[in-house]
Amino acid sequence: MLERSEWIKGCEKNLRGGTVYLKNFRCAAKAEKAILKITALGVYEVKLNGERVGDFILAPGWTSYLNRLQVQSYDVTNLLKTENSLEVTVGQGWRAIANKRDGSDFLGYRDTALIAELTIVYADGTAESIVTDSSWTARESKLRYTNIYDGDIYDATFKAGSARHCICVDLEKDMLIPQEGEKIVEQERMPALQVIKTPAGETVIDFGQNMTGYVEFKIKGVPGAQATISHGETLDRDGNFYNANYRSARAQIKFVCDGEEHTYKSALTFFGFRYIRLENWPDEVKKENFTAVVVHSDIRRTGYFECSDETVNKLFKNIIWGQKSNFLDVPTDCPQRNERMGWAGDTHIFCHTALNNSSLKKFYERNLQAMRDLQTPEGQYPEIAPVGGGFGGITYECASIFMAWELYEQYGDIRTLEKFYPGMQKYMDYMKDKGLPGTKVNPAIGPLGDWLAPEETDLLLLWNAFYYKEADLMSRIAGALGRTEEQHQYEALAAKVKKFWNETFVLPDSGKTCNADGTLCDTQCSYAIALSYGVAEDRKRIGEHLIRKTRAIGHTVGTGFFGTGILNQMLTEQGAVEDAWKMMLQTAFPSWLYPVTQGATTIWEHWDSYTKEKGFGGQNAMNSFNHYSFGSVLSWLYHTGLGIQRDETKPGYQHILLKPQPGPLEFMKGSVDSPYGVISAGWERKGDKIEYQVTIPVNTTATLFKNTEDPADTVELGSGAYTFML
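Explain the overall build of the chain here, please?
What the chain contains, in helices and strands, is 15 helices and 36 strands. In terms of C-alpha radius of gyration, the chain reaches 27 Å, essentially the compact-globule figure of 27 Å for 726 residues. Taking the principal axes of the C-alpha coordinates as reference, the chain spans close to 80 × 65 × 55 Å. Here the chain, with 726 residues, has 62% of them falling under the buried criterion. The contacts of the chain with a sequence gap of at least 6 include a subset with a gap of at least 24, amounting to 73%. Looking at charge distribution, the chain has the averaged site of its 78 positive side-chain charges lying 3 Å from that of its 93 negative ones.

Got a minute to help me understand the pairing of strand β2 (residues 19-26) in this structure?
The two faces of a sheet get side chains in turn, since along a regular strand they alternate between them. Buried residues dominate β2, accounting for 6 of its 8 residues. Bridging between β2 and strand β10 (residues 137-140) involves 4 bridges; their strand directions are antiparallel. Within β10, the position partnered with Val 20 by the bridge is Arg 139. Across 8 bridges, the pairing between β2 and strand β7 (residues 83-91) is antiparallel. Following the sheet pairing, Val 20 is matched in β7 by Thr 89.

In this structure, what is going on with the packing of helix α8 (residues 459-480) against helix α9 (residues 484-505)? I would like to understand it.
Axis angle and axis distance: for two packed helices, these are the angle between their axes and the distance between the axes, and together they describe the pair. The contact between α8 and α9 brings their axes to 8 Å, and the two run at 160°. In terms of axis orientation, α8 runs roughly antiparallel to α9. Taken as a pair, α8 and α9 cross one another with a handedness that is left-handed. Each of Leu 460, Leu 461, Asn 464, Ala 465, Tyr 467, Tyr 468, Ala 471, Asp 472, Met 474, Ser 475, Ala 478 and Gly 479 in α8 lies in contact with α9, whose residues at this interface are Glu 486, Gln 487, Tyr 490, Glu 491, Leu 493, Ala 494, Val 497, Lys 498, Phe 500, Trp 501 and Phe 505. Of the residues contributing to the contact of α8 with α9, the split by class is 15 nonpolar, 4 polar and 4 charged.

Looking at this structure, I do not really get helix α12 (residues 561-573). What am I missing?
Within an α-helix, residues lying three or four positions from one another point in the same direction, as the helix has 3.6 residues per turn. Remark: the principal bend of α12, roughly 45°, maps to Leu 567. Across the 13 residues that make up α12, a large majority, 12, are buried. Restricting attention to buried positions, one finds in α12 the residues Phe 561, Phe 562, Gly 563, Thr 564, Gly 565, Ile 566, Leu 567, Asn 568, Gln 569, Met 570, Leu 571 and Thr 572.

Looking at this model, I keep getting lost on the packing of helix α3 (residues 344-357) against helix α6 (residues 399-411). Mind explaining?
α6 packs onto α3 with a crossing angle of 10° between their chain directions and a minimal axis gap of 9 Å. Between α3 and α6, the angle falls in the class roughly parallel. Residues Ala 344, Thr 347, His 348, Cys 351, His 352 and Leu 355 of α3 lie in contact with α6, whose contacting residues are Ala 399, Phe 402, Met 403, Glu 406, Leu 407, Gln 410 and Tyr 411. The residue makeup of the contact of α3 with α6, split by class, is 8 nonpolar, 4 polar and 1 charged.

Sorry if this is basic, but what is going on with the pairing of strand β9 (residues 127-131) here?
Here strand β8 (residues 113-122) runs beside β9; their pairing, made up of 5 bridges, is antiparallel. Across the sheet, residue Thr 119 finds its bridge partner in β9, namely Ser 129. Between β8 and the antiparallel strand that follows it, β9, lie 4 residues; Gly 125 among them carries a positive phi value of about 90°.

Looking at this model, I keep getting lost on the pattern of salt bridges. Mind explaining?
When the charged atoms of two side chains with opposite charge come close together, those side chains can pair. What the rule picks out here adds up to 38 salt bridges. For Glu 188, the salt bridge is made with Lys 324, and the minimal N-O distance between the two is 2.8 Å. Of this pair, Glu 188 sits in strand β16 (residues 184-191) while Lys 324 sits in helix α2 (residues 310-326); the two residues are 136 residues apart in sequence, bridging distant segments of the chain. Put simply, Glu 216 and Lys 265 hold a salt bridge, and the shortest N to O gap is 4.0 Å. Placement of the pair is Glu 216 in strand β18 (residues 203-219) and Lys 265 in the loop between β23 (262-264) and β24 (271-279), with a sequence separation of 49 residues. Taking the relative accessible area as the measure of exposure, Glu 216 reaches 18% and is therefore buried. Overall, the relative accessible area of 31% leaves Lys 265 in the partly exposed class. Within this structure, Glu 186, Arg 189, Glu 216 and Lys 265 form a network of salt bridges that share partners.

Definitions and limits used
- Residues numbered from 1 in each chain as written.
- Predicted model: local features only at pLDDT ≥ 70, side-chain atom pairs only at ≥ 80, totals over all residues.
- Heavy atoms only, no water.
- Helix = DSSP H or I, 4+ residues; strand = E, 2+ residues; numbered from the N terminus.
- Rg over C-alpha atoms; globule rule 2.2 N^0.38 Å.
- Buried < 20%, exposed > 50% of the residue type's maximum accessible area, 1.4 Å probe, protein only.
- Contact = heavy atoms within 4.5 Å.
- Lys, Arg positive; Asp, Glu negative; His and termini not counted.
- Charge placed at Lys NZ, Arg CZ, Asp CG, Glu CD.
- Pairing = 2+ DSSP bridges.
- Axes fitted to C-alpha atoms, helices over the stretch in contact; angles between N-to-C directions.
- Parallel < 35°, antiparallel > 145°, perpendicular 65-115°, else oblique.
- Left-handed = near helix turned anticlockwise from the far one by under 90°.
- Nonpolar A, V, L, I, M, F, W, Y, C, P; charged D, E, K, R; others polar.
- Bend = angle between axes of the 7 residues up to and from the residue.
- Salt bridge = Lys/Arg side-chain N within 4 Å of Asp/Glu carboxyl O.

Set out below in structure tokens:
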């Protein structure tokens, strides 16, 4: 791509600010069509004749730049005049934080670079191209500093010197690809809710919702006045501004006034926040002068849910907000602190839930490709993508296998498995000498288990269970691809791991799970993982212990990242749906609804990110208030509350299973999407009966289980709308 264009960079000394690339040109006649193809090492904003081109925020997005760099195409026909000025401001963006090792003799990791081509077609059929080359000029901008973590310093008084000709740099173009993922766009505008004067005397503005984006504000001030905006997710127990949990991320906007009124918003960075603190504000603080702009990938919402319990409804909204906040080009762990990384463990545990919420085939396949790009020659997958590296071991590196199968079951597209199967095979070969199944494993398998669980589960128990699921899914994937010999090989491996797991991690007398040394490991996670991953041989006894353990801890949640999303589903499958509903509706700590009672507007990283008794609990070093992982329980509300489930034997919703098990609520309604259309369902209590309504899209069928205690009490349905009394 862009064969005739050259990579260019500026000569400026301020490598941490925005570099403005400039090209003036003349159109000989009225253009019939004009297409601008452009990308950058860094993030850019492009204007033609003073008008912003396109609505892509933080273009070209975040990729493993050595492997692939997306090129955007914009139709700029209507922006052209006779005399034209093309202006591109480029900042470091994700490049500086992710690719220090990608520097070269021609481009340091803090440098930005630009490549573009504007093709203009005239009415007579002739065409001309404006390409990046040494005829372009560049200068420093009023954006003196911009950084993904630290924010902006904008100096309205700064006057740049004359633009100087750019330098052409010898960079490869083979990593250039057309735009693959969804663009990042401004989604919502949220007015300031209130201006707060804190007990500490701070001026704080509350937007009422934790989110990802930036603030658009008006400011004037006298020349030289310097104002600062700091971002935070929550107030402390005393009602003062708090963002110690951002760690080293300054997350600030510093604005130097020139005496003129400005309307400013960040163009080359973003923040995670609900509150902002104003320092040295030069004007009267009016809340109408501040608007939060919500930014995330342009993904179509497909899942909806509502019930008679407003606390549960709020939980649903919090989960959706957590997903939106962390689906900014890649699925990240958090949007605020000095991290904001695509951790594979967080990604795969929320994948099933997210697929019910939104249309994500392209989004997740791009994430799988990032993992494949960063796979080592030996076959190890990264724990973080698209940066690479990280730590976590098997519980994170399994993501490609787990997610590829999820996407296949959701959309029924065999091409997903075909595309990523070679990498998954390579990973399984890499795993052969790592000591699994076993209790003396290679350190590469760890170190993480059921992350942030109130009760720790034995790591070796988990790692062996994960290895079983990897082998089991690989046998299914090979079978779906018609690779029979490999299917049998993976089946044999799964059987070997299963035998070892049950002999090693289940006490023969009691049927309880145990640690590798034979001591008791009696946790919700140990039982839920055993059931969900299919590694338990005596499912009845394991299920009984899951129910017992859940009741013993008062229907609170004792699991971490990996045990939480599957917990209620496993209770339900074991016939303990009442226990699952009790846990779902629990408001005591730790539970899903406890943060809601504390005013949460997103999902927290810890069950106790904040408690009345301990405040932040000394967890400033790692305490995100916008972390979607524990929201993975939402899939259970879709599957059990609404009753909508995939038939795993017929991928892509070719057939639908309807298994509603209403809880102690008055009504529930909602919908999810399928390749065939929307599946909607809901129920309402009518006296001592429950009226269940469902709509099945065309070209698919469904089986309704009217009484889950009697598997024979079913009704076969074609497309259409139905009402049943349960």
